[in-house]
Amino acid sequence: MSKSSSPVVGADGIAGIVIILAAAALLFQAVKMPTMSAMLPVAMLVFLIVLGAILLGRNVIAQRRGVTQAPVVRRPKRAFSAYFAMVAYAVLVPLIGFYTSTVLMVPIVAWAFGYRNPARLLLATAIFVGSVYAVFNFAMGQQFPAEFFLR
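Predicted, not measured: the structure shown is a model, and the values here were computed from it.

1. Here's the deal with the overall build of the protein
Along the backbone of the protein there are 5 helices and 0 strands. Of the regular secondary structure in the protein, the N- to C-terminal order runs α-α-α-α-α. Computed over the C-alpha atoms, the radius of gyration of the protein is 19 Å, more than 25% above the 15 Å expected from 2.2 N^0.38 for a compact globule of 151 residues. With respect to the principal axes defined by its C-alpha atoms, the protein has extents near 60 × 40 × 25 Å. The 151 residues of the protein split such that 24% are buried. Excluding contacts between residues fewer than 6 apart, the proportion of contacts in the protein whose partners are at least 24 apart in sequence is 63%. Carbon and sulfur atoms provide 75% of the accessible area of the protein, an area that totals close to 10,300 Å².

This is how it looks when you write it as structure tokens:
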């Protein structure tokens, strides 16, 4: 078999496929949400599908041309960790609530990816979660999945 007839999908291609499949699966769930609540998740998921397709296309074109290029995914273990974190977050939100999940995941993911200043992690988490609460709860009147301790 020649390279041009059956390109081998490398790490970037696999990453692109995983991104597309995961985003598409979540997109089917997001479109079931109320329109105002679904706007941001749908836009982000569509954007992820486009980026995954670009990553996959870039990989396939490079393979067909026989070009060796620096992979976008240089550390597959970190990419897998990011996928795992996304899945964990998606599972945790309906189980324990949006804000509780976010308060847990933001510092855990930042720590896992190398940021080691606990005081700044806590401050960044508080600012991020507080901002999300202010914008979505007060400005937009949107509700997220209820916290487990408020059910």
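After that view, the rundown keeps rolling.
2. What to know about the packing of aromatic side chains
The geometry of an aromatic ring pair comes down to the distance between the two centres and the angle between the two planes. The tally for this structure, following the rule as stated, stands at 8 aromatic pairs. Judged by centre distance (4.0 Å) and plane angle (20°), the rings of Phe-98 and Phe-144 are stacked. With a gap of 46 residues between them, Phe-98 in helix 4 (residues 98–112) and Phe-144 in the segment after helix 5 (118–139) connect regions that are remote in the sequence. Centre to centre, the rings of Tyr-99 and Phe-144 are 5.8 Å apart; their planes meet at 85°, and the pair counts as edge-to-face. Here Phe-144 lies in the segment after helix 5 and Tyr-99 lies in helix 4, a separation of 45 residues in the sequence.

3. Considering the nonpolar core
A general tendency of soluble globular proteins is for nonpolar side chains to be buried together. Grouped together as the largest cluster of nonpolar side chains are 6 residues: Val-93, Phe-98, Tyr-99, Val-129, Val-132 and Phe-136. For Val-93, the contacting residues outside a window of four places in its chain are Phe-98, Ser-101, Pro-145 and Arg-151.

4. Quick look at the side chain of Asp-12
By secondary structure assignment, the location of Asp-12 is in helix 1 (residues 11–30). In terms of polar contacts, Asp-12 uses its side chain to reach the side chain of Arg-58, at 3.1 Å.

5. Quick word on a nonpolar patch on the surface
A cluster of nonpolar side chains, Val-9, Ile-14, Ile-17, Val-18 and Leu-21, forms an exposed patch at the surface whose accessible area comes to about 390 Å². With respect to the secondary-structure elements, Ile-14 resides in helix 1. Residue Ile-14 is classed as partly exposed on the basis of its relative accessible area, which comes to 48%.

6. Re the environment of Ala-24
You can see Ala-24 is positioned in helix 1. For the pair Ala-24 and Gly-52, spaced 28 residues apart in the sequence, the C-alpha separation amounts to 11 Å.

7. Looking at helix 3 (residues 76–96)
Counting along an α-helix, one turn takes 3.6 residues, and residues three or four places apart therefore face a common direction. Taking 1.5 Å as the rise per residue, helix 3 with 21 residues should run 30 Å; its terminal C-alpha atoms sit 29 Å apart, in good agreement. Residues Ala-79, Ala-85, Ala-88, Val-93 and Ile-96 constitute the buried set of helix 3. Against the buried residues of helix 3 lie helix 4. Positive backbone phi, approximately 105°, marks Gly-97, located one or two places after helix 3.

The rules behind the values
- Residues numbered from 1 in each chain as written.
- Predicted model: local features only at pLDDT ≥ 70, side-chain atom pairs only at ≥ 80, totals over all residues.
- Heavy atoms only, no water.
- Helix = DSSP H or I, 4+ residues; strand = E, 2+ residues; numbered from the N terminus.
- Rg over C-alpha atoms; globule rule 2.2 N^0.38 Å.
- Buried < 20%, exposed > 50% of the residue type's maximum accessible area, 1.4 Å probe, protein only.
- Contact = heavy atoms within 4.5 Å.
- Areas by Shrake-Rupley, 256 points an atom, 1.4 Å probe, with all protein chains shown as cover.
- Phe/Tyr/Trp six-rings, centres within 6.5 Å; stacked < 30°, edge-to-face > 60°.
- Core = buried A, V, L, I, M, F, W, Y, C linked by side-chain atoms within 4.5 Å.
- Polar contact = N/O pair within 3.5 Å; in protein donor to acceptor, adjacent residues only side chain to side chain.
- Patch = residues over 30% accessible without salt bridge, like charges linked within 9 Å, V, L, I, M, F, W, Y side chains within 5 Å.
- Salt bridge = Lys/Arg side-chain N within 4 Å of Asp/Glu carboxyl O.
- Expected span 1.5 Å × (residues − 1).

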